[in-house]
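Topology and contacts: notes
Each chain, written out:
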Amino acid sequence: MNAADTPDIPDSGDGFDSVGAERRITVLREEIHQHNHRYYILDDPLISDAEYDILFRELQQLEEEWPDLRAPDSPTMRVGAPPAPEFESHRHEFPMLSLANAFTFEEMQEWQGRVYRQLNLVGESVEENDPSLEDVTYMAEPKFDGAAIELIYENGILTAGVTRGDGETGENVTANVRTIRNVPLRLSTAVPDARAIPDLLDVRGEVIMLRSEFAAMNRRRSEAGEPLFANPRNASAGSLRQLDSRVTATRPLSFFAYGVGRVEGLEGDPFTRQSEVLETLAGWGFQVADRWQLAADLNEVEQFYHGLLGGREDIPYEADGLVVKVESLDLQIELGQVSRSPRWAIAWKFPAQQATTVVKDIEISVGRTGALTPTAVLEPVEVGGVIVSRATLHNREEIQRKDVRIGDTVIIQRAGDVIPAVVKVVTGKRRSGARKFVFPALCPECGSDAVQPEGEVVVRCVNLSCPAQIKERLFHWGSREAMDVDGLGEKLVEQLVDRGIVTDPAGLYELIADDLSPLDRMAEKSANNLVDALAQTKTATLDRFLTALGIRQVGTVVARVLARTFGSLEKIMEADRETLEEIHDIGPEVASQVITFFSMAENRRLIDRLLASGLSPQWPPEGELAGVSTGVDLSGLIFVFTGELVELTRGEAKRLVESLGGRVTSSVSSRTDYVIAGPGAGSKRAKAEELGVEILEETAFLAMIGR
DNA sequence: ATCCCTCGAGTTCA
DNA sequence: CTCGAGGGAT
């Protein structure tokens, strides 16, 4: 049933007036919504596809005739809209976290141990009000292998769909999401016991392709002579990121919901259990995993795991493991998160897909820092739907430890189903021709010495002018985290360096379009684009500039710390070792790398030339909340936010604290300095009282930071 | 001295 | 995504 494929039906000449049309449109939409639900969610249609198409066409025609009556939740939105030039980025109000992984039961037990420890369930100081071991139960469901997204519903209407992105910021793919047949455009209240719909709801889930749909789609593509998709995951992710949503509409995508983000204005009690969230979502019209399981302990989880693994092929979608969550939402809140993963959930992955192949050769590549990295060149082999021909061997010791020789038969797998790695050598199949790899003592790119410093694992080329290093440094300069120069790709850098046109980043800014014209694939237009893109980076922020310089041990985070602490390039260059080491997150090693970098005459000359070409690193960043310096110094202080905030969003509050040098974490501990508690604060507030941590209201917090 | 968490750096394929 | 190592807390 695909309305987009239905041939046009001649105009019926309905002759409604606007009121009549509106009434008819409302009836049609409601009816089509019901049929969609029965077809896609309940799998129990009441009418034939042909009858459905007639209703759909009628609605389409009416909407064409009365454009004012179009609506974002109309089923006709599902056929897609004309292409957009690019996706807008969209910041998640609550970050979309990723999950920690476990592969064995032992690793699951370790995770449980961390859960117990965090909840104070082990050790001597168990207090009366603390939860007990029996309170920690689990909910497990299959881990969908697709693309994670968030759907935003305002007053029950789907208003946005956003990809996970880096977890903080994703892309707005609303037009594409609307084309997914089992995504409710409007939340359903049809189920008798369904809860009333909240004012604002973020639904999280996975966009996937069912195995059968994927196979059928590839069959169609093969008949049409179109390229095939490697696997359902790539096909889903690719379809979701189509700029032309009419293309997305032709792809057989499905959405499975598994969680919520913001829930505002929910009537009655807040959610208390993970399974309740799932049941409620199902009641509102979402498709959820067809099999999920409550488990009183890890042994029950393990049974479910083995059951699912055994019948893995029979599941209608690809699952790469199990997601196990602590069932109680109160405990989830108390557990909080570490970095970008919640402590209350874990992915228990199925064993990675493996394949056997032969190592044809071992090649060495030279990185930005001169690191010599060996890569195994493999006889191409399919692993999990992708042809793999190379696998990293990391470093010299790794080759020795695994005793990988050229000509060996090896087992490879895709780590996390992405990056190929050599698991082990099949020694039984080793033939006499297999020879040990002699790790080079000289850099293969420039012939300089390659040395391995005492106590380190990495072998490095000592020559700073090594062409391979120059290329990587230039490429790094333009990378997304650094100066983000559009068009400065690997191929272009290669040509620039090989022809001696550019040898360092300053050289890039001395380029004019004429220098580029003799290069391959460099017509006038792309040359001008590159020069423009470079010009735009002249006002990049100081932290990006520092990242781009490629100082050892200084990446995005440390660069931001330096920019925030010193505020200008000159001050950073003047800073002495003691000043640097006093800064949180900077220790002797990082300090010494910074000092060394700026003390080298060559680097100082590079910076002079960059500044002379018009670069002026900006700090504080313009327009960002972070820029509103109030002169308050929060460095070294750790904040936890709990309950609702009124004046600020969580994201703003976090950025504010960080911009003033403080840190924000999610769980209260003895090292927390302040807990900012709003209405609805619960266990964290209690924990703060217990530990004697200072508690502030939002207004007091704002006063404290001078806003 | 030891653990845990983060950060940096390097890497694959489509 | 994974590994190694820096930094901070215990």
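As a starting point, this report considers the structure included with it. Since this is a predicted model, take the numbers as computed values, not measurements.

Considering the overall build of chain A
Scanning chain A from terminus to terminus reveals 25 helices and 24 strands. Oriented by its inertia axes, the alpha-carbon framework of chain A measures out at about 80 × 70 × 60 Å. Partitioning the intrachain contacts of chain A with sequence separation of at least 6 by distance along the chain shows that 68% fall at a separation of at least 24. When the 74 basic and 113 acidic side-chain charges of chain A are each reduced to a single mean position, those positions are 6 Å apart.

What about the nonpolar core?
Counting residues in each nonpolar core, the largest one holds 52 residues, and the members touching the most others are Trp477, Leu508, Leu546, Leu549, Leu562 and Phe598. When we break this core down by domain, the ones giving at least three residues each are domain 4 (467-539) and domain 5 (542-612). Here Leu549 is in contact with Trp477, Phe597, Phe598, Ile607 and Leu610, once residues within four sequence places are set aside.

Some words on the sheet that holds strand S7 (residues 200-208)
Strand order in the open sheet formed by 4 strands is S5-S4-S7-S8, with antiparallel pairing between adjacent strands. This sheet does not close on itself; its edge strands, each paired only once, are strand S5 (157-163) and strand S8 (254-264). Going across the sheet, the axis of each strand differs from the next one's by a mean of 25°, ignoring polarity. Against the sheet, helix H8 (residues 274-283) engages S7 and S8, with an angle of about 115° to S8.

Considerations on the side chain of His35
Take His35: it is sitting in helix H1 (residues 18-41). According to the relative accessible area criterion, His35 is buried, its value standing at 12%. Contact partners of His35, with chain neighbours within four places excluded, come to Leu46, Ile47, Tyr52 and Leu55.

Regarding the packing of H1 against helix H2 (residues 49-65)
Between H1 and H2, the least distance of the axes is 10 Å, while the angle of their chain directions is 145°. Regarding H1 and H2, the two cross each other, and that crossing is left-handed. For the pair formed by H1 and H2, the contact residues are Ala21, Arg24, Ile25, Leu28, Arg29, Glu31, Ile32, His35, Asn36 and Tyr39 on the first element and Asp49, Tyr52, Leu55, Phe56, Glu58, Leu59, Leu62 and Glu63 on the second.

Examining unusual backbone geometry
Of note in this structure, His394 is not a glycine but carries a positive phi near 70°. Relative to the helices and strands, His394 is located in the loop between strand S16 (386-392) and helix H11 (396-402). Residue class for His394 comes out partly exposed when judged on its relative accessible area of 45%. Positive phi, normally seen in glycine, also occurs at Asp484, with a value near 55°.

Quick look at the sheet that holds strand S23 (residues 674-677)
For sheets, the rule is that strands pair by backbone hydrogen bonds, running either parallel or antiparallel. A sheet is described by the order of its strands in space; here 4 strands give the open sequence S22-S21-S23-S24, paired in parallel fashion. The open sheet terminates on both sides in strands that have one partner only, identified here as strand S22 (663-665) and strand S24 (694-696). Here the average twist between neighbouring strands, direction ignored, is 30°. In this sheet, S22 lies alongside strand S21 (residues 638-642) in parallel orientation, the contact comprising 3 bridges. Within S22, the position partnered with Ile638 by the bridge is Arg663.

Regarding the packing of aromatic side chains
Within the structure shown, the criterion is met by 16 aromatic pairs. With centroids separated by 6.3 Å and ring planes inclined at 80°, the aromatic side chains of Trp477 and Tyr509 adopt a geometry described as edge-to-face. Residue Trp477 is found in helix H12 (residues 467-477), and its partner Tyr509 is found in helix H14 (residues 505-509); the two are separated by 32 residues along the sequence. Of the two residues, Trp477 and Tyr509, both sit in the buried class. Judged by centre distance (5.9 Å) and plane angle (65°), the rings of Phe639 and Phe701 are edge-to-face. You can see Phe639 sitting in strand S21 and its partner Phe701 sitting in helix H25 (residues 698-704), a full 62 residues away along the chain. For the pair formed by Phe639 and Phe701, the shared burial category is buried. One aromatic cluster is present, formed by Phe105, Tyr305, Trp348 and Phe350 through successive ring pairs.

Some thoughts on the pairing of strand S14 (residues 354-366)
Across 7 bridges, the pairing between S14 and strand S15 (residues 372-383) is antiparallel. Bridged to Val359 within S15 is Leu378. Between the end of S14 and the start of S15, which pair antiparallel, lie 5 residues, with Gly370 showing a positive phi angle near 90°.

Comments concerning the environment of Phe437
Its location among the elements puts Phe437 in the loop between strand S18 (419-425) and strand S19 (450-451). When the C-alpha positions of Phe437 and Val404 are compared, they lie 7.9 Å apart, and in sequence the two are 33 residues distant. Not counting the four nearest positions on each side in its chain, Phe437 is found in contact with Ile362, Ile364, Ile399 and Ile406.

Remarks on helix H21 (residues 588-599)
Look at H21: 16 Å from first C-alpha to last across 12 residues, which is about the 16 Å you get at 1.5 Å a residue. Residues Val590, Ala591, Gln593, Val594, Phe597 and Phe598 constitute the buried set of H21. Axial view of H21: buried residues confined to an arc of 160°, hence all on one face. In this structure, the buried side of H21 is in contact with helix H17 (542-549), helix H18 (556-566), helix H19 (569-574), helix H20 (577-582) and helix H22 (601-612).

Rules of the game
- Residues numbered from 1 in each chain as written.
- Chains lettered and ligands numbered in written order.
- Predicted model: local features only at pLDDT ≥ 70, side-chain atom pairs only at ≥ 80, totals over all residues.
- Heavy atoms only, no water.
- Helix = DSSP H or I, 4+ residues; strand = E, 2+ residues; numbered from the N terminus.
- Contact = heavy atoms within 4.5 Å.
- Lys, Arg positive; Asp, Glu negative; His and termini not counted.
- Charge placed at Lys NZ, Arg CZ, Asp CG, Glu CD.
- Core = buried A, V, L, I, M, F, W, Y, C linked by side-chain atoms within 4.5 Å.
- Buried < 20%, exposed > 50% of the residue type's maximum accessible area, 1.4 Å probe, protein only.
- Domains from an automatic or database assignment.
- Pairing = 2+ DSSP bridges.
- Axes fitted to C-alpha atoms, helices over the stretch in contact; angles between N-to-C directions.
- Left-handed = near helix turned anticlockwise from the far one by under 90°.
- Phe/Tyr/Trp six-rings, centres within 6.5 Å; stacked < 30°, edge-to-face > 60°.
- Expected span 1.5 Å × (residues − 1).
- Arc of directions from axis to C-beta.

Any functional reading would require information beyond the geometric quantities listed.
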